[in-house]
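What the coordinates show
This is what each chain is made of:
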Amino acid sequence: MRILVTGGAGYIGSHTCIELLNKGYEIIVVDNFINSKMEALNRVKEITNKDFKIYNIDMCDYKNFEKIFINEKIDGVIHFAGLKAVGESVTIPLKYYQNNLISTLNLIEFMKKYNVNNLVFSSSATVYGDPEIVPIPETANLNATNPYGRTKLMIEDILRDFSLANKDFNVALLRYFNPIGAHKSGKIGEDPNGIPNNLLPYISQVAIGKLKKLRVFGNDYDTIDGTGVRDYIHVVDLALGHIKAIEKLITNPGLVTYNLGTGNGTSVLEMIKSFEKASGIKIDYEIVNRRPGDIASCYADPTKAKIDLNWEAHYNIDDMCRDTWNWQKNNPNGYN
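Starting afresh in each chain, residues are numbered from 1 along the sequence in its written order. In keeping with the model being predicted, local features are shown solely for residues with a pLDDT of at least 70 and side-chain atom pairs are shown and tallied solely at 80 or more, while totals for entire chains, interfaces and linings include all residues. The basis for every side-chain value is the complete set of non-hydrogen atoms in the structure, without hydrogens or water.

Within the protein, the secondary structure is distributed over 11 helices and 14 strands. C-alpha atoms define the radius of gyration in this analysis, and the globule rule sets the expected value at 2.2 Å times the number of residues to the power 0.38. Taken over the C-alpha trace, the protein has a radius of gyration of 19 Å; the compact-globule value for 336 residues is 20 Å, and the two agree within 12%. Principal-axis analysis of the C-alpha atoms places the extent of the protein at approximately 55 × 45 × 40 Å. Here the protein holds 336 residues, and the buried ones make up 55% of them. Should any heavy atoms of two residues lie within 4.5 Å, those residues are considered in contact. Long-range pairs, those at least 24 residues apart, make up 79% of the contacts in the protein between residues at least 6 apart in sequence. Of the roughly 14,800 Å² of accessible surface on the protein, 48% is carried by carbon and sulfur atoms. The positive count covers Lys and Arg only, the negative count covers Asp and Glu only, and His and the chain ends enter neither. Charged groups are reduced to one reference atom each: NZ for lysine, CZ for arginine, CG for aspartic acid, CD for glutamic acid. Charge separation in the protein, taken as the distance between the mean sites of 37 positive and 39 negative side-chain charges, equals 3 Å. Runs of E in the DSSP output that reach at least two residues are strands. Runs of H or I that reach at least four are helices, and both are numbered from the N terminus. Exposure categories follow from relative accessible area, calculated using a 1.4 Å probe and restricted to protein chains: below 20% of the type maximum is buried, above 50% is exposed, and the middle band is partly exposed. Only the protein chains shown count as cover for residues, and the accessible areas themselves come from Shrake-Rupley with a 1.4 Å probe.

Side-chain rings of Phe, Tyr and Trp, where Trp is taken by its six-membered ring, are said to pair if the distance between their centres is within 6.5 Å; with planes under 30 degrees apart they count as stacked, over 60 as edge-to-face, and otherwise as tilted. The full count for this structure, using the stated rule, is 9 aromatic pairs. Between the aromatic rings of F69 and Y114, the centroid separation amounts to 6.0 Å while the plane-to-plane angle is 25°, which identifies the pairing as stacked. Within this pair, whereas F69 is found in helix α3 (residues 62-71), its partner Y114 is found in the loop between α5 (93-113) and β5 (118-124), the two being separated by 45 residues in sequence. A relative accessible area of 4% means that F69 is categorised as buried. One aromatic cluster is present, built from ring pairs that chain together Y62, F65, F69, F110 and Y114. Residue placement shows K45 over the ring face of F52; its charged tip is 5.0 Å from the ring centre. In our convention, an over-ring charge means Lys NZ or Arg CZ found within 6 Å of a ring centre and within 35 degrees of that ring's normal.

For the rest of this paragraph, the subject is the sheet that holds strand β14 (residues 297-298). Strand pairing is assigned whenever DSSP detects at least two bridges linking the two strands. Strand order in the open sheet formed by 3 strands is β12-β9-β14, and the pairing between neighbours is mixed. For this open sheet the edge positions go to β12 (266-267) and β14, each flanked by a neighbour on one side alone. Bridge count between strand β9 (residues 229-230) and β14: 2 bridges; the pairing is parallel. Opposite V229, over in β14, you have S297 as the bridge partner.

What follows deals with the pairing of strand β4 (residues 76-79). Of the two faces of β4, the one carrying G76 and I78 and the one carrying V77 and H79 are both buried. Pairing analysis gives 4 bridges linking strand β1 (residues 2-6) to β4, with the strands arranged parallel. Paired with T6 across the bridge in β4 is H79. Sheet topology places β4 next to β5; 3 bridges connect them, and they run parallel. Within the sheet, the bridge partner assigned to H79 lies in β5 and is F121.

Let's shift gears to the nonpolar core. Counting 41 residues, the largest nonpolar core has V5, L20, I27, V120 and L174 as its most contacted members. For this core, the secondary structure elements donating two or more residues are β1, α1 (11-22), β2 (26-31), α2 (38-48), β6 (170-176), α8 (235-249), β11 (255-260) and α10 (303-309). The contact partners of L20, leaving out residues within four places of it in the chain, are I3, V5, Y25, I27, I78 and I243. L4, L107, L119 and F121 belong to the second-largest nonpolar core, a separate cluster that totals 25 residues. Throughout, nonpolar core names a set of buried Ala, Val, Leu, Ile, Met, Phe, Trp, Tyr and Cys residues whose side chains join them through atoms within 4.5 Å.

Moving on to the side chain of D31. Along the chain, D31 turns up in strand β2. Polar contacts involving the side chain of D31 include one to the main-chain amide nitrogen of A9, which spans 3.0 Å. Here D31 is in contact with G7, G8, A9, G10, S36, Y55, N56 and I57, once residues within four sequence places are set aside. Pairs of N or O atoms are called polar contacts if they sit within 3.5 Å, as long as, within protein, a hydrogen donor faces a hydrogen acceptor (for residues adjacent in sequence, only side-chain-to-side-chain pairs).

Just geometry here; none of it tells us what the structure is for.
Right under this line is the structure:
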């Protein structure tokens, strides 16, 4: 099978490219490299010793994007491409709606036109908003609380409607929790632009000396130690979940939805301790006020993915911190 990977140079996309190639899939990558770097794909080729085509195209560019479908035989699509910073989405919402929705609408239109019927969509646990229950099942109420999350929810709705109207079209909506970690080689990992938005890249940049101190937002939540609890999943476990999803789509299931998480919550302070253990470096942090909109606990019920896909997470928090530190210490400036 030939899989088109949109946003394949990104953090999750590049790790998924490796696992696809290792499983014998052929891949084609499209990326506009706004928030990613070509070097990530060079290293994917180095790690796997396999070559693949790369298109430097913006998926919102209708005519150029269609050229991929004209020139390539495509059997399925894994759709990662999109803007993804929650805070930025609140500041520039229109850019998020334009980019994430138009690129996806173009993708679906070309898939229909060129008879490509299998799509794995990179959704997010942000579609649940402030969850009513934890662990969160796929049947929980959907209530995104920021523009980024709403673009994910809108795209889910579009895909639900499209799947209903096109019975041969198979879609897997994968709701990720918090991907962290890096490939065991230390050659690819998360390389955020500017100051990281997410906890573990921030901790690792404190460890390497790029940032001075971690700010912990609140220690008075109803959790094990008062700090926020989240479900962190190793990016390689997540990548393997996409391959299980592609295999599921081949059976023509229509539309399916899965949480990809560990089912376990880890607090901010637990994460700091685990990273200190992995790196041997003391992490300087300070407790500050809660951030507006933050919630106490959010973690997945991944039972459905285990039953339907025969998939479950295998890496634990110590593994994730070890691999993150291995990437960070070998690449203190990311891919630069």
